[in-house]
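Structure at a glance
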Amino acid sequence: AVVSTQSTWALFPQPRSLVQFIDLVRCHKICLESSCMTSPSTMTGDVRVLNILFNKVISVFWTADNWATKMNTMCEYIPGSSDGITEKFRFHLQTAGLAEGSRVHLCIRYETGDQEFWDNNGGENYVFTVAEKTQDHSYGEIF
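Okay, so let's go over this structure. (Residues numbered from 1 in each chain as written. Predicted model: local features only at pLDDT ≥ 70, side-chain atom pairs only at ≥ 80, totals over all residues. Heavy atoms only, no water.)

1. Observations regarding the packing of aromatic side chains
What counts, and what does not: Classification of ring pairs uses Phe, Tyr and Trp, with its six-membered ring standing for Trp, and accepts pairs whose centres are within 6.5 Å; under 30 degrees between planes counts as stacked, over 60 as edge-to-face, and the remaining range as tilted. The numbering of helices and of strands both runs from the N terminus, where a helix is a DSSP run of H or I of at least 4 residues and a strand a run of E of at least 2. Burial here depends on accessible area, computed with a 1.4 Å probe over protein chains only, as a share of the maximum for the residue type. Under 20% is buried, over 50% is exposed, and the range in between is partly exposed.
Tallied over the full model, the rule gives 5 aromatic pairs. Residues Phe12 and Phe128 carry aromatic rings whose centres are separated by 5.2 Å and whose planes lie at 85° to one another, so their mutual orientation is edge-to-face. Residue Phe12 is found in the loop between strand 1 (2-10) and helix 1 (21-28), and its partner Phe128 is found in strand 10 (residues 126-136); the two are separated by 116 residues along the sequence. The class of Phe128 is buried, set by a relative accessible area of 2%. Ring centres of Tyr77 and Phe89 lie 5.6 Å apart, and the angle between their planes is 65°; this geometry places the pair in the edge-to-face category. Of this pair, Tyr77 sits in strand 6 (residues 76-77) while Phe89 sits in strand 7 (residues 86-94), placing them 12 residues apart in sequence. Of the residues examined, Tyr77 reaches a relative accessible area of 36% and is grouped as partly exposed. Ring pairs connect the aromatic residues Phe12, Tyr126 and Phe128, which therefore count as one cluster.

What follows is the structure in structure tokens.
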């Protein structure tokens, strides 16, 4: 049987793969580390932040209609992710129902104390395209 699902594809290199990734975190205090589809309708991303203060709020602002409307999704701390200088947070975006060909734009906000920092991919936003993913499950199915 051929099964079609939707997936989002990043239109940028995964920041963690960049040689200067840790320098980006230190300079901008926040940087998307990586993102991937963890289910047919869930995009998951990891965000690395500079540990300035204990209390912090990391949130993702995203849209699928070029900012006519926007959603705000909170990130959760990943236990054990602190290296003493930085910490990692994770978000999950529900992408079910997005039309094929649409684009998801996102940026990330880091609030700590009275300070606010943003990661918007150098002003370009992080952009993903929604595409159909077809898989052939004709062979190897277990009944």
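2. Some thoughts on the pattern of salt bridges
This is how it is decided: Any Lys or Arg side-chain nitrogen found within 4 Å of a carboxyl oxygen on Asp or Glu counts as a salt bridge.
In the structure shown here, the tally under the stated rule is 6 salt bridges. A salt bridge links Arg16 to Glu33; the nearest nitrogen and oxygen atoms lie 3.9 Å apart. Residue Arg16 is located in the loop between strand 1 and helix 1, and its partner Glu33 is located in strand 2 (residues 30-39); the two are separated by 17 residues in the primary sequence. A salt bridge links Arg48 to Glu33, with the nearest nitrogen and oxygen atoms 3.1 Å apart. Placement of the pair is Arg48 in strand 3 (residues 42-50) and Glu33 in strand 2, with a sequence separation of 15 residues. Neither residue differs from the other here; Arg48 and Glu33 are each classed as buried.

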